Structure formats: C-alpha cells, structure tokens
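# Coordinate inspection notes
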Amino acid sequence: MAYNDLRDWINTLQKAGELKRITQEVDPILEMAEIADRVAKMGKGTSKAGGPALLFESVKGYPGAKVLMNQFGSERRMRLALECDSLDEIAGRIETLLKPQMPTGLMDKLKMLPMLAEVGSFFPKTVKTGPCKEVIRHENFSLLEFPVLLCWPKDAGRFITWPLVITRNPETGKRNVGVYRMQIYDERTTGMHWQTQKHGAEHFRRARAAKPDGRIDVAVAIGSDPVTCLSGILPIPPDLDEMMFAGFLRREPVEMVTCETCDLEVPANSEIVLEGYVDLAEMRTEGPFGDHTGFYSLEGEFPVFHVTCVTNRRDPIYLTTIVGPPPQEDFYMGHAVERVFLPVMKMQYPEIVDVAMPAEGVFHNLMIVSIRKSYPGHARKIMHAIWSLGQAMFTKVVVVVDHDVNVQNFSEVAWKTLCAIDPQRDVEFVMGPADTLDHASRIQDYGSKMGIDATRKWESEGFRRPWPDEIVMDAGTKSRIDSIWNTLGLKR
C-alpha cells in the first residue's frame, strides 16, 4: 500500500530505524543546515553512507513546529520510499510499461488486461477536500510563520527548498509540477527560480507572449507522501503528467484537491499549500544561493510569486532539504533517478549498457556511459544523443567506455579511460545549452561541453596498431590460490 502522507512516511522511517528525532532546540537559521550537512556526509564511501532522516521537534522561534530533513539521504531510504527491495524492480516496471509485448492471440490479449487496468488506475483522483484544507486563510497569514531555513551564510535570505510548484501550460492547459527554489522576500512574496530551460519558465514565456501585462496562477505544495514529493524532480517527458507518474510509482492514484482561489489542483495530503500568482511584467533580483554545485549560484532576475491564500494541516510539518558540497540528500535522489530511468534511455539507445553520474559531478558535470560498440564513431554518436535528451543536455562532460567497463567503479573508469585515450584524437568539444547554475560557462545558459571517446579504437577508425589485452590471471591459478588462501596467514 502506498504511504498515505508525510506522517505515515515518518512513522515508517521511525519503525525502520531510519529516523532521528532532535529534541534539543535548534535554529532554522544556519544551524539545521549545518547538522544536515554533517549527517549527509556520515559514513561517506561506505554502505551506511548518508546518516538518518532528521525530525527537528524543538525549533527556535517556532514553538510546536516540526521540520523534516534528509528524508531520502540514503540508498535504503530511497528503496523504502519506492517500496521496493531493489531500484531495478522499478526500472523493470517502467520497461514493461514502455515495451509491452504485442498480443498474438486471445490468451495473450487476456493476459494484457491486468496491465491495462493497472495503467488506468494511475490517473490522479480529484476529491472534494483533504487534510491540506484543515486550516484555510485568505488573510492574516505570513510566510515567515513557517520555519523556512537560511541554509548558508551568504544566501540572500530564507529559501523554500522543496516546493512542488504547479502551473498549467497557457496554450494546452496541461499541468506541470516542478521543484524550484523560492527565496522569501517578505510575508507574502517569494522569488520563483524558473531556470530558462525548465517547463515553468516555458509556461511563463508563453503566457507573457500572449499577454505581457497579465498573470498566471501558481500553486505550491509542501510536504506530501514520499513518491509525490519526488514527482517534481523526475525527468519524465513534458506531455506526461507528473501526478500520473507518481500514481504509477505508488501503485495508487494521487488524490488531488482544487485550490481555493484558482482551478489548479494540489495533492490533498499536503502539509502546506501556497496559492497565488506570478505577475508576468514583474522581475526581481533573486539569490545568491548555496547550490548543489558546492558553490553559491549567482544572483539574477527572476519572476515573483505573490501568495494570496494559505491552506495547511493543523500543526503542519515543514519539509525541507539543503544542497551544497556533495554528497547531500540530492545525490541519493539523483542516483535513484539514474537507475530507475535507465530503461528509458536504453529503449531509445539499446547499445547503452549502463550509466553513472558520480556525486562529485553534481549531476550535470559528468556522465559515464558504457556501450556495446558496433561501428566506427559509435561513441561519438552516443555523446551527441545524450546532449539531446531532456535535462541531460546540460551534461558538461560525457565519457563513453566499452561494455566491459564497470561504470559504477570510478577507479576502474579512471584507469581504463586514461589508458584508452589519445587526447587530441579522442576528445571532442561542442557548444550548447548550459545549466543556469554553471558559473564557469562563458555566459549564462550557454557554454561548451566535452565528450571523451574512451572505447577501444578500431582499424576502421584509423587505428593501425594492435590493441593490447588486459592483464587477467588464468582461472585455474586463481582457483588454486583460493583453495589455500586461508592457510597463508594473509588477510583478504
């Protein structure tokens, strides 16, 4: 059964020994971030990396408030959130959904009925009301009544870091759910960090082109069941509803309730909902902000969100996260996305064997791809294919290796890559879109990328020398030494 809400999820974390309740008073101004940062780096490089989820129960300046952090900050918690023993299970479900076997007879058609029925159950379910409407306020509210964090010393202010920002495409009416940081300016306004290439920014541009002095409705949900919380970061196609995909992952539909002041819908089990609008003619300086690159992202001009109504549960739990020098909680989310969506990439490019995005690459800086190479230039084809795939277009460095290289072993990747390349021959540079957060690009949102072909070179690629064999001991000798190892007095 899917988790009912954030509180059900917290109870599960408690029972699983994955939650630490912090009863000592802690300040949301810098102190919570410092604790979360230290916890995220606990056990670094071991199977117990990531530390526990944190529930702060004594928040300085906010009597009775509770703050949840680091909910996904380990591989085990990601599996708990997705209710699976292995992320490969989710990948397998996605693969089955994407590539169903065509029925060849009556029995095959009958066998497909359960799958079709399951797909039909994914769609969001509209309900009349929900827990998020236990308290409704059109007046007498302030964003400052919630324990929003100041994460890093040079941040421009407090930032809401885990909002599900909901808008509709002004031309098609299709919903989009994204996670965009929101700097609090005052009691009723925030920044809306819609980066140029994000769907929220596209909605803003299309609406402004049609009516420059108009506004667009925006709803923000904070704190939901774990899969719904994840829905805003998943790299799904733009025409696929995030709430439907969340229903697929939950195996239960997400219950949605209509806002009080607009026709947008929000998850009914949300802890806090902010309703309002973005004025299409208004921009304001936002940032700097300590970002997932480990550096402060620079200030810039972004739209402004005006809050007109707040609804929430009684005694709402405030869900938040921090980003900063890796690894952080977002690394485990990114790793799960990498594993779960590998079948999508393989469906488009079957030659791909595996993909890895090391924590130090902060998602958009480095991707390592292994392929079954079939023809000259195959590695370069895959580089350009990756730069054409959704958010993967931001990947600054793509390294392509052969199918027998374990891309999850970064020591092996470095060794075999450095032994396989002639830099002038095998390194390619191209220009294209850059992540807004990439402070090194020559101008914002545009810069260069590098592809490295670290595959074995063929004669058909102009390589005239023999390629040497890798040194591997023969199986018989290995077996013989295995049989006597414990008698040698040596540790493994």
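Preceding this paragraph is the structure being described.
Here's what I pulled together on the structure shown here. (Residues numbered from 1 in each chain as written. Predicted model: local features only at pLDDT ≥ 70, side-chain atom pairs only at ≥ 80, totals over all residues. Heavy atoms only, no water.)

Within the secondary structure, E329 is located in helix α9 (residues 329-340). Residues E329 and L54 lie 275 residues apart in sequence; the distance between their C-alpha atoms is 12 Å. Ignoring anything within four residues of it in the chain, the contact list for E329 reads N70, Q71, F72, G73, W162 and T321. (Helix = DSSP H or I, 4+ residues; strand = E, 2+ residues; numbered from the N terminus. Contact = heavy atoms within 4.5 Å.)

Mapped onto the fold, K457 is located in the loop between β23 (446-453) and α14 (475-484). For K457, a relative accessible area of 7% corresponds to the buried category. Among the polar contacts made by the side chain of K457, one reaches the main-chain carbonyl oxygen of D453 at a distance of 3.0 Å. Looking at K457, its side chain comes within polar contact range of the main-chain oxygen of T455, at 2.5 Å. In this structure K457 touches K373, A420, R425, D426, F463 and W467, once residues within four positions along its chain are discounted. (Buried < 20%, exposed > 50% of the residue type's maximum accessible area, 1.4 Å probe, protein only. Polar contact = N/O pair within 3.5 Å; in protein donor to acceptor, adjacent residues only side chain to side chain.)

Attention shifts here to the environment of Q408. Mapped onto the secondary structure, Q408 falls in the loop between β21 (397-402) and α12 (410-420). Along the chain, Q408 and P466 lie 58 residues apart, while their C-alpha atoms are 28 Å from each other. Those residues in contact with Q408, other than ones at most four positions away along the chain, are H335, E338, R339, D354, V355 and A356. At a separation of 3.3 Å, a polar atom in the side chain of Q408 contacts the side chain of D354.

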